[in-house]
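# Residue-level structure breakdown
For reference, the chains in residue letters:
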Amino acid sequence: MTAHIENLDVPAGMEIRGELPDGAEKVLTPQALDLIAELHRKFNGDRLERLEARRVRQQEIANGADLDFLPETKEIREDETWQVAPPAPGLEDRRVEVTGPTYKKMTINALNSGAKVWLADQEDANTPQWDSVIGGQINLLDALTREIDFTSPEGKEYTLAPDEELPTIVVRPRGWHMPEKHILVDGEETSGSLVDFALYFATAGQLQIEKGKGPYFYLAKMESHLEARLWNQVFEHAEDSFGLARGTIRATVLIETYPAAFEMEEILYELREHSAGLNAGRWDYIFSVIKNFRSRGSDYLLPDRSDVTMTVPFMRAYTELLVRTCHKRGAHAIGGMSAFVPAKDPEANEAAFAKVREDKSREAGNGFDGSWVAHPGMVALCKEVFTETLGDKPNQIDNKREDVNVTAAELLDVKSTPGAITEAGLRTNISVGIQYLRAWLEGNGAVAIHGLMEDAATAEISRSQVWQWLDAGVELDTGEKVTRELVEKLVAEEVAKLPGDESDWKDATDLFLSVAVAPDYVDFLTLPAYAKMA
Ligand SMILES: CC(=O)SCCNC(=O)CCNC(=O)[C@H](O)C(C)(C)COP(=O)(O)OP(=O)(O)OC[C@H]1O[C@@H](n2cnc3c(N)ncnc32)[C@H](O)[C@@H]1OP(=O)(O)O
Ligand SMILES: O=CC(=O)O
Ligand SMILES: [Mg+2]
C-alpha cells in the first residue's frame, strides 16, 4: 500500500515534507511522531547549545588552548565506587560486530552474517536521503517481524536465518550536527539524531523489548560528557513516556573525537544506567585530530593517511586509555574498523585478510572485548581471533589493564607519528574524496575504493588533510609546495583518470573543492552534501 501524508496522524505543529516510501505508515506511527515532536520541543534548544559549545571550544583551540582532562570533573574520575549497569540481554558477548547501512539486501546479509551484533548504520555508512531514513526504519521493523525478503535483479533470493542465529541489532543514529529537513516542528528543522532515535525506539525498539532484548544504540561523533548527558535525558524522557524501566535503553558511545578522548570516564558516568560501553571510532578520531588542530602548525601535521596506523603513539595511547577506562567501570571496550575488505584478486584478498587478522589480534591482546568488521566475509575471522583470547568467556572486562597510565601529553603527541607527506598521498586523498562524494550524492554512504572501505569518516580525513596541507603550505616529497593551484591541477588530473566524462564528476568535484580548499573550513562535509540532496 502506498503511504500518503494525509493518512498519517501528524501531531499539531508538525510538517512532513517529501514523498513517503511504501510502508512508511508502519514507522511514522502516531506514537513515533508524537515522540519526535516532544523530543524536539524539549531538547532541540539544548542540542543547538551543545553545537555552539563545540564552536567556542574550537575557537579556543585555534587561539592556542590545549585539550586536557577536565578539572571540574576530577571527582568523577577519582571516585572508585561507581560502575556502569551490567550488560543488557544480547550484549554480553560482542566479540564480533558487523556494521553496515540498512538497505534491504544488506539488512538481510548483515543479520545472516553470524556476527554477535549488527550495527545498523544511519551515520558514517549511510546517506540521509529521505527514502533511506524511512526505508531503513521499515527494514529494521520488517526484520524483527520476519517480513523481510529480497530478490535481486539476477533472481538471487534473500531470507532471514532462524531467530536464534541473528545478531543483536544496535542502531547508530545520525550525529548531533545533522538536521532532518523533511520533518519540521513549529516551523523548525528537526534533529537527525532525535528523528532516527525516536522512529526506531517507538517502533522496532518496542518489538525488541517483547523479544527479550531492548532498543540499543551506538552514539556517534560526540565531543563532550555534556552531549552524553543530553542523550541520557532523551533516554529518560523516552522511557518515562513509554512506561519503561530505567536502563531499558542501552548505548555504546563512540570515542571518535579528540575532545571526547579526554572525557571518556565522564561520558560513561553520564550514561551509567544506560551505558553499554565505549567503542574506538578510529577514523573519525583521526579526522577530529586534524580538524581540531588544523591551524596549529607543524606539531599537528599528520603524514599521508596510510601512515596513520593504530600503532602510532597517539593512536595507541587513545585505545589503551579506552580499554583501561571501560574495564575500570565494568563496561565493554569495543575495537574499531579495519578498512580492508575482501578482494576479487586472490593475492589482494589474502593480504586484506592478513591485515584484518593483525588488527583484530592486536585489539584482543590489548584487552578489547570485541571489534567491528565492515563485511560479512570478515566475521568468521574476527570471531576466531577474539575467541583465541576470550575462549568461552563472553568478554574480558576482568582484564583491568592497570598497567596503563596514559597522560594528556601522550594523547596529544601527534608529532611523533612517523611518515611523510607525499604527492601520491595528496593524489589519493583527492581521488578518494571525489569518488566517495559522488557515491554519497547518489545515495550510497559506503563504497570500496582501492580495496578499502570508504565512508563519511574516512572521506573526512582525506578532504581535511588536503585542507590542512594547503593551509600550512606543506612541502611534498617532490619538493613542491602545496598551493591552491597545485591542488586544482591534481584534481583535474585525477578526475581525468576516473571512468566516464568529466561532467559526470562535476558535482562531486565542486563539493570536494568547497570542503577541501575553501579558506573557511567546513565542520562536516555531510552538511553541504545534505544541502544538495532533495
Ligand atoms: C568509520 C566507520 O564508521 S566504519 C562503519 C561504517 N562503515 C560501514 O559499515 C561499511 C560497511 N561495508 C560496506 O558497506 C561494504 O562492505 C562495502 C561498500 C565496503 C563493500 O561492499 P561491496 O562492494 O558490495 O562488497 P562485495 O561485493 O564484496 O559484497 C559481497 C556481498 O556482501 C554484502 N555485503 C558487503 N558488506 C556488507 C555489510 N557491511 N553488511 C551487509 N552485507 C554486506 C554485499 O551486499 C554483497 O552481497 P551479495 O553477494 O548478496 O550481492
Ligand atoms: O565510526 C567509526 C569511525 O571509525 O569513525
Ligand atoms: Mg565514525
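Being a predicted model, the structure only gives us computed values, none of them experimental. Every chain's residues receive numbers from 1 upward, in the order its sequence appears when written. Chains and ligands are labelled by the order in which they are written, letters from A for the one and numbers from 1 for the other. In view of the model being predicted, local features appear only for residues whose pLDDT reaches at least 70, and side-chain atom pairs are presented and counted only at 80 or more, with totals across whole chains, interfaces and linings using the full set of residues. Computation of side-chain values covers all heavy atoms of the structure but excludes hydrogens and water.

### Re the UniProt feature "domain: Malate synthase C-terminal" (unreviewed entry) in the protein
Here the UniProt feature "domain: Malate synthase C-terminal" (unreviewed entry) sits at residues 421-532. For helices the rule is a DSSP run of H or I covering at least 4 residues; for strands it is a run of E covering at least 2, with both sets numbered from the N terminus onward. Spanning residues 421-532, this segment combines 61% helix with 5% strand, and its end C-alpha atoms are found 32 Å apart. UniProt positions are given in the numbering used here, feature names are shortened, and annotations may be inferred rather than shown by experiment.

### What about the nonpolar core?
By nonpolar core is meant a set of buried Ala, Val, Leu, Ile, Met, Phe, Trp, Tyr and Cys residues that side-chain atoms within 4.5 Å join together. Type-normalised accessible area, obtained with a 1.4 Å probe on protein chains alone, sets the label of each residue: buried when under 20%, exposed when over 50%, and partly exposed for intermediate values. Grouped together as the largest cluster of nonpolar side chains are 142 residues, with contacts concentrated most on Phe197, Ile255 and Tyr258. Looking at this core, the element that brings in the most residues is helix α2 (residues 30-62), giving 9 residues. Note that domain bounds follow an automatic or database assignment of domains. Looking at this core, you find at least three residues from each of domain 1 (30-410) and domain 2 (420-532). Note on contacts: a residue pair is in contact if any heavy atoms of the two residues lie within 4.5 Å. With residues near it in sequence (within four places) discarded, tyrosine 258 still touches Leu67, Tyr285, Ser288, Val289, Asn292, Phe293, Tyr300, Leu411, Leu412 and Val414. Of all hydrophobic cores here, the second largest spans 33 residues; its members include Ala459, Leu486, Val517 and Tyr530.

### Here's the deal with the side chain of serine 132
Examined against the element boundaries, serine 132 turns out to sit in helix α5 (residues 130-144). With a relative accessible area of 13%, serine 132 lands in the buried category. What serine 132 contacts, discounting residues up to four positions off in sequence, is Tyr103, Asn126 and Thr127.

### Focus: the site of ligand 1
Contacts to ligand 1 come from 25 residues, most closely from Thr99, Lys105, Tyr158, Ala374 and His375. Note that an oxygen atom of ligand 1 is positioned 3.1 Å from one of the side-chain N or O atoms of asparagine 109. N or O atoms within 3.5 Å of each other form a polar contact, as long as, within protein, one can give a hydrogen and the other can take it, and as long as residues adjacent in sequence are counted only when both atoms are side-chain atoms. Take tyrosine 158: an N or O atom from its side chain is 2.5 Å from an oxygen atom of ligand 1. Mapped by element, the contributors of at least two residues to the shell around ligand 1 are β2 (96-101), α4 (104-111) and β14 (447-449). The greatest single-element share of the shell around ligand 1, amounting to 4 residues, is contributed by α4. Residues are grouped as follows: Ala, Val, Leu, Ile, Met, Phe, Trp, Tyr, Cys and Pro are nonpolar; Asp, Glu, Lys and Arg are charged; every other residue, Gly included, is polar. Residues belonging to the shell around ligand 1 are distributed by class as follows: 14 nonpolar, 4 polar and 7 charged. Mapped onto the domain boundaries, the shell around ligand 1 takes at least three residues apiece from domain 1 (30-410) and domain 2 (420-532). Here a residue is near a molecule or strand as soon as one of its heavy atoms is found within 4 Å of it.

### Let's talk about the sheet that holds strand β7 (residues 179-185)
Only when DSSP finds a minimum of two bridges between them are two strands counted as paired. An order of β1-β7-β8 is seen for the 3 strands of this open sheet, with the pairing classed as antiparallel. A strand with exactly one partner marks an edge of an open sheet, and here the two such strands are β1 (14-16) and β8 (188-191). Direction aside, neighbouring strands of the sheet carry axes that sit 55° apart on average. Angles run from 0 to 180 degrees between N-to-C directions of axes, and those axes are lines fitted to C-alpha atoms, restricted for helices to the stretch in contact. α2 rests against β1, β7 and β8 of the sheet, and its axis sits at about 95° to β8. Against the sheet, helix α6 (residues 192-202) contacts β7 and β8, and its axis sits at roughly 60° relative to β8.

### Focus: the packing of α2 against helix α8 (residues 225-241)
With their axes 10 Å apart at the nearest point, α2 and α8 run at an angle of 175° to one another. It follows from the interaxial angle that α2 and α8 lie roughly antiparallel. For the pair α2 and α8, contact is made by Leu35, Glu38, Leu39, Lys42, Phe43, Asp46, Arg47, Arg50 and Arg54 and by Leu226, Glu227, Leu230, Gln233, Val234, His237 and Ser241, respectively. Of the residues assigned to the contact of α2 with α8, the class counts are 6 nonpolar, 3 polar and 7 charged. Each angle receives one of four descriptions, namely roughly parallel if under 35 degrees, roughly antiparallel if over 145, roughly perpendicular if within 65 to 115, and oblique otherwise.

### Digging into the site of ligand 2
As a matter of local geometry, ligand 2 sits amid Asp124, Arg172, Leu254, Glu256, Gly281, Arg282, Trp283, Asp284, Trp372 and Ala457. Aspartate 124 is positioned with one of its side-chain polar atoms (N or O) 2.9 Å from an oxygen atom of ligand 2. At 3.1 Å, a backbone N or O of arginine 282 approaches an oxygen atom of ligand 2. Each accessible area is a Shrake-Rupley estimate made with a 1.4 Å probe; only the visible protein chains count as cover when residues are assessed. For ligand 2, whose unbound accessible area comes to 190 Å², protein coverage reaches 97%. Sort the elements by how many residues they give to the shell around ligand 2 and helix α11 (residues 282-292) lands first, with 3 residues.

### With respect to the coordination of the magnesium ion (ligand 3)
Any N, O or S atom lying within 2.8 Å of the metal counts as a donor, with the limit raised to 3.2 Å for Na, K and Ca; because water is left out of the atom set, some sites can appear incomplete. Summarising the metal site, the magnesium ion (ligand 3) is bound by the protein donors Asp124 (OD), Glu256 (OE) and Asp284 (OD), whose distances to it range over 2.0 to 2.2 Å. Read from N- to C-terminus, the donor residues coordinating the magnesium ion (ligand 3) fall into the pattern D-x131-E-x27-D. Pair noted here: glutamate 256 is in the loop between β10 (250-255) and α9 (258-261) and aspartate 284 is in helix α11, with a separation of 28 residues, a long-range link. Across the pair, exposure class does not vary: glutamate 256 and aspartate 284 are buried alike.

### Observations regarding unusual backbone geometry
Here aspartate 186, not a glycine, exhibits a phi torsion of approximately 50°, which is positive. By the secondary structure assignment, aspartate 186 is in the loop between β7 and β8. Taking relative accessible area as the criterion, aspartate 186 reaches 45% and is therefore assigned partly exposed. Unusually for a residue other than glycine, histidine 450 sits at a positive phi of about 50°. Note on placement: histidine 450 falls in the loop between β14 and β15 (452-454). Using a relative accessible area of 62% as the deciding quantity, one classes histidine 450 as exposed.

### Comments concerning the side chain of asparagine 366
Relative to the elements of secondary structure, asparagine 366 occurs in helix α13 (residues 346-366). In this structure asparagine 366 touches Arg316, Glu320, Val323 and Arg401, once residues within four positions along its chain are discounted.

### As for the packing of aromatic side chains
Only the six-membered ring of Trp is used, alongside the rings of Phe and Tyr, when aromatic pairs are assigned; centres must lie within 6.5 Å, and planes under 30 degrees apart are stacked while those over 60 apart are edge-to-face, with the rest tilted. For the coordinates displayed, the defined rule picks out 20 aromatic pairs. Plain terms: the ring middles of phenylalanine 197 and tryptophan 231 are 6.0 Å apart, the flat faces sit at 70° to each other, and that makes the pair edge-to-face. With phenylalanine 197 in helix α6 and tryptophan 231 in helix α8, the pair connects residues that are 34 residues apart, well separated along the chain. Here tryptophan 231 falls in the buried class, since its relative accessible area comes to 3%. Summarising the aromatic geometry, the rings of tyrosine 258 and phenylalanine 293 are spaced 5.6 Å apart at their centres and angled 80° between planes, so their arrangement reads as edge-to-face. Taken together, the residues tyrosine 258 in helix α9 and phenylalanine 293 in the loop between α11 and α12 (313-328) connect sequence positions 35 residues apart. Comparing tyrosine 258 with phenylalanine 293 shows no difference in burial state: the two are buried. Clustering of aromatic rings is evident, with ring pairs tying together Trp176, Phe197, Tyr200, Phe201, Phe217, Trp231, Phe235 and Phe242.

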